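Architecture at a glance
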Amino acid sequence: MDSKKLTLSNGTPYFEHQDSQTVGPRGPVLLQDFILQENLAHFVRERIPERIVHAKGSGAYGKFTVTHDISQYTSAKLFSQIGNSCKMFARFSTVGGEKGSADTARDPRGFALKFYTEDGNWDLVGNNTPVFFIKDAKKFPDFIHTQKRVPKTNLKSATMMWDFWSLNPESLHQVLILMSDRGTPYGYRHMHGFGSHTFSMINEKNERVWVKFHLKTKQGIKNFTHAEAIKMAGENPDFAQEDLCNAIENGDFPKWTMYIQVMTEEQAKDFRWNPFDVTKVWFHEDFPLIEVGEMELNEIPVNYFAHVEQSTFSPSNLIKGISFSPDKMLQGRLFSYPDAHRYRVGVNSHQLEVNRCPFAVNNYQRDGFMADASNYQDKPNYFPNSFDTIIPDPAYKNYSYELDSAHVENFNRNENDDDHYTQPGLLYSKSMSSEDRENLINNIVESMKNIDGAKKSEIINRQLCHFFRANIELGMKVASKLHVSIDINMMNHAK
Ligand code: HEM
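This one's a predicted model, so the numbers in the text were calculated from it and none came from an experiment.

1. Notes on the site of the ligand
In the vicinity of the ligand there are 28 residues, among which His54, Arg91, Gly110, Ala137 and Ser196 approach most closely. Contributions of two or more residues to the shell around the ligand are made by strand S2 (85-93), strand S3 (110-117), strand S4 (120-127) and helix H9 (328-344). Here the shell around the ligand gets 8 residues from one element, more than from any other, and that element is H9.

The structure is reproduced here in structure tokens:
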């Protein structure tokens, strides 16, 4: 058949694309015009649910190349020798806004990577920040509600954000990063990426180390100031999408260097903080960055919906030699992402091109909505069987290990790891320049001045206490710019 002919979805060529079938030239329209029906019916089903978080995003394909040998830590085939490479897909995003929201909103940025490796697809679903607001997955839905909209007014609310943060002081570290100019990066090319959580690597000798992943931008860090970000949100809400597309289409391929930090199980026992607490970093002096490889993004997918909107990343997409850790947040995420994918894209989302493992996939899952065309053809759908030659390979056995404790409890968040202030204090006093500090304080004030309602003073005072406890100067400057007089109790509490 001539491939240029207009057809219905069943392939039948047709002519009447623009005029409905009517009784007489002025109507009415006939129910038998199934061409009209098909077009209208498909149109109203064009949307799938947007991601509950990270709804606005941009994606690109690229290549990851191993430049340094880390095979002493991991048995992953990808890292078995220098020069190995694999295709990859990256999706960057804002977090709280809807699919049409502005790219320059003050928000962490999602930094989700999919590596198509011979051991299977490995996803590193991180952010542009090394830490997170909370450290227990149970708090995530409540936290995210505060970043979304007020039930009654459907407006965003500084009151609920600061109420939650002030009541959950483990958020302080991430709040200081968010309120600095790193909360408004200049597009997606000029920011670092972090796996954030502690992961594990297991080598050929079955030895385990704890690992954090870092991706450092080769384009250099560049941020918008608060004023610039607001202006850009009005002028071009799709700034980051346009910036990424233009750079790649012009052959200016963005690159990042991957590093890992490694902590042995022995070091973990003596670490000052809980090594599995995602509100904490590991200082580079103690756990130096080890270079691993380079990621380059070089192709904007030919269709945004097919490849970017339908992409599904999950921290549970792990491969031999790279695994999870006891981090409570990470453990919650292992469940939540595949759950979201089954709801948002469907039970067979892993069969779509962007999500599919390009190497062999052999299992006994069958059928379901939108199973791909072959559906494993006539192969057996049960295990064990006497017909196929598929074997579970013992080389891929899970790592087995002893637990520190067999005591089960919902541990109170305040009993364990409640030093929420040392690292934020160091971030403020040691890592930030005086300009960074000034912008941070102005950005905090800009946001906190929108706190309103009956609990305004209570929320502001509670949050000021956290700032004081991290750094007295930080607390004083924010308080003075908010015109809050300092209560002696607040200072005492801060000591
Ligand atoms: C997206 C849950 C914490 C990074 C999502 C989605 C869910 C989710 C349900 C949407 C998935 C989809 O529809 O495809 C959670 C839960 C968390 C958590 C329950 C805490 C327990 C985090 C943390 C990070 C992170 C700590 C970063 C370190 C991301 C990214 C995406 C995402 C980058 C977007 C992935 C994409 O581009 O498709 N999260 N999240 N999340 N999350 Fe989380």
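2. Here we look at the UniProt feature "active site" (unreviewed entry) in the protein chain
Annotation from UniProt places "active site" (unreviewed entry) at His54 and Asn127. The annotated residues occupy 74 residues of the chain but converge on a single region, no pair of C-alpha atoms lying more than 10.5 Å apart. By the element assignment, histidine 54 lies in the loop between helix H1 (34-43) and strand S1 (57-66). With residues up to four places along the chain from it excluded, the contact list for histidine 54 reads Ser93, Val95 and Gly110. Ignoring anything within four residues of it in the chain, the contact list for asparagine 127 reads Pro108, Arg109, Gly110, Phe111, Phe194 and Ser196.

3. Brief notes about the UniProt feature "binding site: heme" (unreviewed entry) in the protein chain
In the UniProt entry, the feature "binding site: heme" (unreviewed entry) is given for Tyr337. Residue tyrosine 337 is classed as partly exposed on the basis of its C-beta count, with 19 C-beta atoms lying within 10 Å. Each residue touching tyrosine 337, except ones within four places of it in the same chain, is listed here: Phe313, Ser314, Pro315 and Ser316.

4. A short note on the nonpolar core
Formed by 47 residues in total, the largest nonpolar core has its most connected members in Met88, Ala90, Phe115, Val211, Phe213, Met258 and Ile322. Leaving out residues up to four positions away in the same chain, alanine 90 has contacts with Gly59, Ala60, Gly62, Ala112, Leu113 and Leu297.

5. Quick notes on unusual backbone geometry
With the exception of glycine, most residues fall at negative phi, and the peptide bonds are largely trans. Residue glycine 27 is joined to proline 28 through a cis peptide bond whose omega torsion reads 0°. Tracing the backbone shows proline 28 in the segment before H1. Look at the link from phenylalanine 383 to proline 384: it is a cis peptide, with omega at -5°. Secondary-structure assignment places proline 384 in the loop between H9 and helix H10 (422-431).

So, how was this worked out
- Residues numbered from 1 in each chain as written.
- Predicted model: local features only at pLDDT ≥ 70, side-chain atom pairs only at ≥ 80, totals over all residues.
- Near = placed C-beta within 6 Å.
- Helix = DSSP H or I, 4+ residues; strand = E, 2+ residues; numbered from the N terminus.
- UniProt positions renumbered as here; feature names shortened; annotations may be inferred.
- Contact = placed C-beta atoms within 7 Å.
- Buried ≥ 20, exposed ≤ 12 C-beta atoms within 10 Å, placed from the backbone.
- Core = buried A, V, L, I, M, F, W, Y, C linked by C-beta atoms within 7 Å.

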